[in-house]
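The primary structure of each chain is shown beneath.
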Amino acid sequence: MASTLKEYDVCIVGSGAAGGVMAKELSEGGAQVVLLEGGKRVDPSQFLSHKWPYELQFRGLRNEKQAMFYQGDVRESIRYEDSDNVSADRMRVVGGRTVHWNAVTLRYAARDFREWSLAGVEEDWPLSYEELAPYYERIEAMIGVCGQDDGLEILPGGSHYLPPLPWRRSERILQRATKPMGIPVIPVRKALLTKPFDGRPPCHYCGHCMSGCDVSAIFSSATAMIPKAQATGNFTLRQNALAREILVNDEGQARAVSFIDTTTGKEEQVRAKIVVLCAATVESARLLLNSRSPKHPNGLANSQDVVGRYLSGHVGNGVNAYVKELEGLKPSNLDGATDHVFIPRYNHLLPKTNYVGGWDIQINLTNYMFPRQALGLPGYGTEFKSQVRRMEPGLLSFGIFCKVMARRENRVTVDPHRVDAHGIPIPVMHFRFGENDTALWRESNQSVQEICEKVNSRVFTDAGEKPSGFASHEVGTVRMGTNPKTSVLNSYCQAHEVKNLFVTDGSTFTTSSEKNPTLTIMALSLRTSEFIKDQRKKGLL
Amino acid sequence: MERRTALRIIALGAMTPQLEALGAATHCAMQEGTAWMPADYKLQFFTPAENELVDQLSEIIIPADAHSPGAHAAKVSLFADLMVATSSDAVKAQWRNGLHLFQEAAAKSSPATAIAEVAAHEQHPTSDLERFFIVLKVMTVNGYYTSEIGIHQDLEYIGNTYLDVFPGYPPLV
């Protein structure tokens, strides 16, 4: 019997960086689009970003300000087995991780797409920087990115930047110290407005980027993309709709997505000619693996046992340094926009190393409203208290991100015997760092220590004995590639085995680099949306 | 909060997801933000004697001085009571035992002497009491510097506002 359900042209799963672009582009292109989002919208007026700690029950500890972005049981519905110290950052809210991010937006360099060709490791991406560059350009113009083109091969630039953020004095001191070392300090590139743009106001320098921007000066799919899709009249947003599995027809092609309405607990379906997964690295793999059928007994698009594999991300590490020449200055408002400057990868400029890849460094200011030095400074009493105060103006917080090599044995699986609150099998992470990852982590720590010595600072660090990840930058699991035996998607993020199935989030990355993945995710999503529009026009989808 | 957790929070301050993961792993309840009212607060975990001891010890760690009031005025002991009362049984046991050890040490001399003796081993603690001092200090730091007194009177923090122009400090010459 024919279904009476409305059939949409496209069903998108997930409303973050990838889903927002896809929804806007396809809706504006005339397609009838439905988007399933597991969470509900939180209006920026409800954000707790500007609350003082003493206005909150637990003083802002215990994730108090950001708990509203992690809805339902999303935090609990995951397991780690045989894993090193890693964690995946999964959110459930309209806008996904773009409502709670630092918005650093970096283009991959040409070399980042060619690890096999240049270093003999991993695989090359099935597309080049030159092919993706026009889409980087369009995304930067679309979302508003502050910064500048610094003319660096390792960090290609565009031509649509908003003015860079002003620098703090500590950041000038850092630049002065690293220049003789051959290490550049440049303005950070962030999807943050330094002047009015696209109906949104500029940054007001409160420092609360990661707690949710209450005026949407930081780009969020929820406030900058989804409303544009809704304005077309072609777009339907289903909130609280947690995708369970993708259903297929007799030919094994996607025909519908089943989901749980988390407000009622009831299972529903939405029919669509095309399905696009934008649910992020862990959830997209989980959804495909949970979509088993006679045509796809190992999960959808997984006849080669590649879905879930090649899980990668970033080694994350942090060092707080306090510049001695700034000790004792009178208090000033240093909140700003968290990070104003950036150190791009520089180890490729050094003599030949015995590892592949590199690291970059975000220079954050993280002591707004709380003096982190007080947690590391030894002693007590009046002198301790005075020293905490004196150190406050000089913070340089180094956020170090290292490449992690994509290896087949690192993976996401699902276990049908372990389910979430709605009976859906949960993801299980299996991840071990490799020798190359550990070497990068060790080298980057040593390099940052050398920088801190040149700056003449007091240093607080806890690199630990082993690396940790993923700094919210997990990628891989549904990788692109030219070989269907070692990849799931082609260069247009289209499944080799299911032509009306696309995936455009971080899971698509063939390999990772040291760079934050979000801009590349958005560029890939834009490129795929163009492909889908073209294929629809030709009647091929 | 464990010493190791505290140090990792320093190190990973730039990386909120890890911070959240740590928070989720080390604490139990998460609640919507609500104003905290010390004036109405009733002890949930500490006995009155324990609360008095925490009040004394925290004031020694962050005392009142000519610049600003200390941990006693900031009611750090009440903050500590709330945090411990809403933590795991293991954390509660650690505090009950740690305060007992401090009570014994203070009885032999004074709270100030007891603090001085254990603080000398802060970098390399070996006994339960020395390890508990670090827990107590982290709690005191967290409680004091998230209070109105710590933020506004001691640090003279002037941020968390809406600015048209980023002020910072005058640029480096």
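Up top is the structure these notes are about.
Residues numbered from 1 in each chain as written. Chains lettered and ligands numbered in written order. Predicted model: local features only at pLDDT ≥ 70, side-chain atom pairs only at ≥ 80, totals over all residues. Heavy atoms only, no water.

A. Expanded view of the overall build of chain B. From N to C terminus, chain B includes 8 helices and 0 strands. When the elements of chain B are put in sequence order from the N terminus, they spell out α-α-α-α-α-α-α-α. Residue pairs at least 24 apart in sequence account for 69% of intrachain contacts in chain B once pairs closer than 6 positions are excluded. Only carbon and sulfur atoms are counted for the fraction: they give 58% of the accessible area of chain B, which is about 7700 Å². (Helix = DSSP H or I, 4+ residues; strand = E, 2+ residues; numbered from the N terminus. Contact = heavy atoms within 4.5 Å. Areas by Shrake-Rupley, 256 points an atom, 1.4 Å probe, with all protein chains shown as cover.)

B. Just the overall build of chain A, in detail. From N to C terminus, chain A includes 10 helices and 19 strands. Taken against the 2.2 N^0.38 rule, which gives 24 Å for 541 residues, the C-alpha radius of gyration of chain A at 23 Å falls within 12% of a compact globule. Along the three orthogonal principal directions, the C-alpha set of chain A runs to about 80 × 50 × 45 Å. Counting the 541 residues in chain A, one finds 67% classified as buried. By sequence separation, contacts in chain A at least 24 residues apart represent 73% of the contacts at least 6 residues apart. (Rg over C-alpha atoms; globule rule 2.2 N^0.38 Å. Buried < 20%, exposed > 50% of the residue type's maximum accessible area, 1.4 Å probe, protein only.)

C. Layout of the nonpolar core. One finds Ile143, Ile246, Ile361, Phe398 and Leu501 of chain A to be the most contacted residues of the largest nonpolar core, which totals 159 residues. Filtering out sequence-adjacent residues up to four positions away, Ile361 of chain A remains in contact with Phe342, Ile343, Tyr346, Phe398, Gly399, Ile400, Val448 and Ile451 of chain A. Counting 60 residues, the second-largest nonpolar core is a separate cluster that includes Leu57, Ile61, Met83 and Tyr144 of chain B. (Core = buried A, V, L, I, M, F, W, Y, C linked by side-chain atoms within 4.5 Å.)

D. The arrangement of the side chain of Asp9 of chain A in detail. Residues and elements named next belong to chain A. Mapped onto the elements, Asp9 comes out in strand E1 (residues 7–13). Within polar-contact distance, the side chain of Asp9 engages the side chain of Lys273 at 3.2 Å. If we ignore the near neighbours within four places in the chain, the residues touching Asp9 are Gly30, Ala31, Gln32, Ala272, Lys273, Ile274 and Arg536. (Polar contact = N/O pair within 3.5 Å; in protein donor to acceptor, adjacent residues only side chain to side chain.)

E. Spatial organisation of the pattern of salt bridges. Residue and element names in this part refer to chain A. Using the criterion set out here, one finds 47 salt bridges over all chains in the structure. Residue Asp198 is joined to Lys228 by a salt bridge in which the shortest nitrogen-to-oxygen separation is 2.6 Å. On the criterion of sequence distance, the pair formed by Asp198 in the loop between strand E6 (186–187) and helix H5 (221–224) and Lys228 in helix H6 (residues 226–231) is long-range, its members being 30 residues apart. In this structure Asp198 comes out as partly exposed when scored by relative accessible area, which is 42%. (Salt bridge = Lys/Arg side-chain N within 4 Å of Asp/Glu carboxyl O.)

F. Quick peek at the interface of chain A and chain B. Facing the 84 residues of chain A at the interface are 79 residues of chain B. Contact with chain B buries area across many residues of chain A, yet Arg59, Arg62 and Lys385 of chain A alone supply 13% of it, more than any other trio. Two residues, Asp154 of chain B and Arg389 of chain A, come together in a salt bridge whose shortest N-O distance is 2.6 Å. At the level of secondary structure, the elements contributing two or more residues to the side of chain A that touches chain B comprise helix H4 (169–178), strand E11 (312–323), helix H8 (381–391), strand E14 (395–403) and strand E18 (469–475) of chain A. With 6 residues, the single largest contributor to the side of chain A that touches chain B is H8 of chain A. A per-class count over the side of chain A that touches chain B returns 36 nonpolar, 29 polar and 19 charged. (Buried area = accessible area lost by both parts, 1.4 Å probe. Nonpolar A, V, L, I, M, F, W, Y, C, P; charged D, E, K, R; others polar.)

G. Representation of the environment of Ala105 of chain B within the structure. Residues and elements named next belong to chain B. On the secondary structure map, Ala105 appears in helix H5 (residues 89–108). When the C-alpha atoms of Ala105 and Ile115 are compared, they prove to be 9.0 Å apart, with 10 residues separating the residues in sequence. The contact partners of Ala105, leaving out residues within four places of it in the chain, are Ala114 and Leu129.

H. Up close: helix H6 (residues 111–119) of chain B. All names here are of chain B. Among all positions of H6, only Ala114, Ile115, Val118 and Ala119 are buried. Buried residues along H6 cover an arc of 120 degrees about the axis, so they all sit on one side. For H6, the elements touching its buried residues are helix H3 (48–61), H5 and helix H7 (128–145). (Arc of directions from axis to C-beta.)

I. Just the sheet that holds strand E16 (residues 425–430) of chain A, in detail. One open sheet holds the 3 strands; their spatial order is E3-E16-E15 (chain A), and the pairing between them is mixed. A single partner strand is all that each edge strand has here, and the edge strands are strand E3 (79–80) and strand E15 (411–419) of chain A. (Pairing = 2+ DSSP bridges.)

J. Structural detail: the environment of Ala256 of chain A. Residues and elements named next belong to chain A. If you trace the backbone, Ala256 turns up in strand E9 (residues 254–261). Judged by relative accessible area, which is 0%, Ala256 ranks as buried. As a C-alpha pair, Ala256 and Phe235 span 21 residues in sequence and 17 Å in three-dimensional space. Among residues more than four places away in sequence, those in contact with Ala256 are Glu245, Ile246, Leu247, Gln269, Val270, Arg271 and Ala272.

K. Region of the structure containing the packing of aromatic side chains. Counted by the stated rule, this structure contains 22 aromatic pairs over all chains. Measuring from ring centre to ring centre gives 5.8 Å for Tyr322 of chain A and Phe460 of chain A, while their planes differ by 80 degrees; the resulting arrangement is edge-to-face. Of this pair, Tyr322 of chain A sits in strand E11 while Phe460 of chain A sits in strand E17 (residues 457–461), placing them 138 residues apart in sequence. A ring pair is formed by Tyr355 of chain A and Trp359 of chain A, whose centres lie 6.5 Å apart and whose planes are at 40 degrees; its orientation type is tilted. On the accessibility criterion, Trp359 of chain A (1% relative accessible area) is buried. Pairwise contacts between aromatic rings join Phe45, Phe46, Trp95, Phe102 and Phe132 of chain B into one cluster. The ring of Tyr70 of chain A is capped by Arg75 of chain A, whose NZ or CZ atom sits 4.1 Å from the centre of that ring. Looking at Arg479 of chain A, its charged tip hangs above the ring of Tyr310 of chain A, at a distance of 3.6 Å from the centre. (Phe/Tyr/Trp six-rings, centres within 6.5 Å; stacked < 30°, edge-to-face > 60°. Lys NZ or Arg CZ within 6 Å of the ring centre and 35° of its normal.)

L. Expanded view of the pairing of E1 of chain A. All names here are of chain A. Counting buried positions along E1 gives 6 out of 7 residues, so the element sits mostly inside the fold. Pairing of E1 with strand E10 (residues 266–277), which is carried by 6 bridges, proceeds in the parallel orientation. By the bridge assignment, Val13 is partnered in E10 with Leu277. Relative to strand E2 (residues 33–36), E1 is paired through 4 bridges, and the arrangement is parallel. Counted as the bridge partner of Val10 is Val33 from E2. For the handedness criterion, the β-α-β arrangement of E1, helix H1 (residues 17–28) and E2 is classed as right-handed. (Right-handed = clockwise from strand over helix to strand, strands pointing away.)

M. Representation of the packing of H1 of chain A against helix H10 (residues 518–537) of chain A. Residues and elements named next belong to chain A. Across the interface, H1 lies against H10 with an axial gap of 8 Å and an inter-helix angle of 30 degrees. As summarised for this structure, H1 and H10 are arranged roughly parallel, according to the angle between their axes. The crossing of H1 and H10 is right-handed. Listed contacts from H10 to Ala17, Ala18, Val21, Met22, Glu25 and Leu26 of H1 are Thr518, Ile521, Met522, Ser525, Leu526, Thr528, Ser529, Glu530, Ile532 and Lys533. Of the residues that constitute the contact of H1 with H10, the class distribution is 9 nonpolar, 4 polar and 3 charged. (Axes fitted to C-alpha atoms, helices over the stretch in contact; angles between N-to-C directions. Parallel < 35°, antiparallel > 145°, perpendicular 65-115°, else oblique. Left-handed = near helix turned anticlockwise from the far one by under 90°.)

N. Local environment of the packing of H3 of chain B against H5 of chain B. Residue and element names in this part refer to chain B. For the pair H3 and H5, interaxial distance at closest approach is 11 Å and the crossing angle is 70 degrees. Here H3 lies roughly perpendicular to H5, going by the angle between them. Here H3 contributes Glu50, Leu53, Val54 and Leu57 to the contact with H5, which in turn contributes Trp95, Arg96, Leu99, Phe102 and Gln103.

O. Just the environment of Arg168 of chain A, in detail. Counting through the fold element by element, Arg168 of chain A comes out in the loop between strand E5 (161–162) and H4. For Arg168 of chain A, a relative accessible area of 2% puts it in the buried group. Note: C-alpha distance between Arg168 of chain A and Gly336 of chain A (168 residues apart in sequence) is 8.8 Å. Filtering out sequence-adjacent residues up to four positions away, Arg168 of chain A remains in contact with Leu334, Asp335, Gly336, Ala337, Thr338, His340 and Leu365 of chain A together with Phe166 of chain B.

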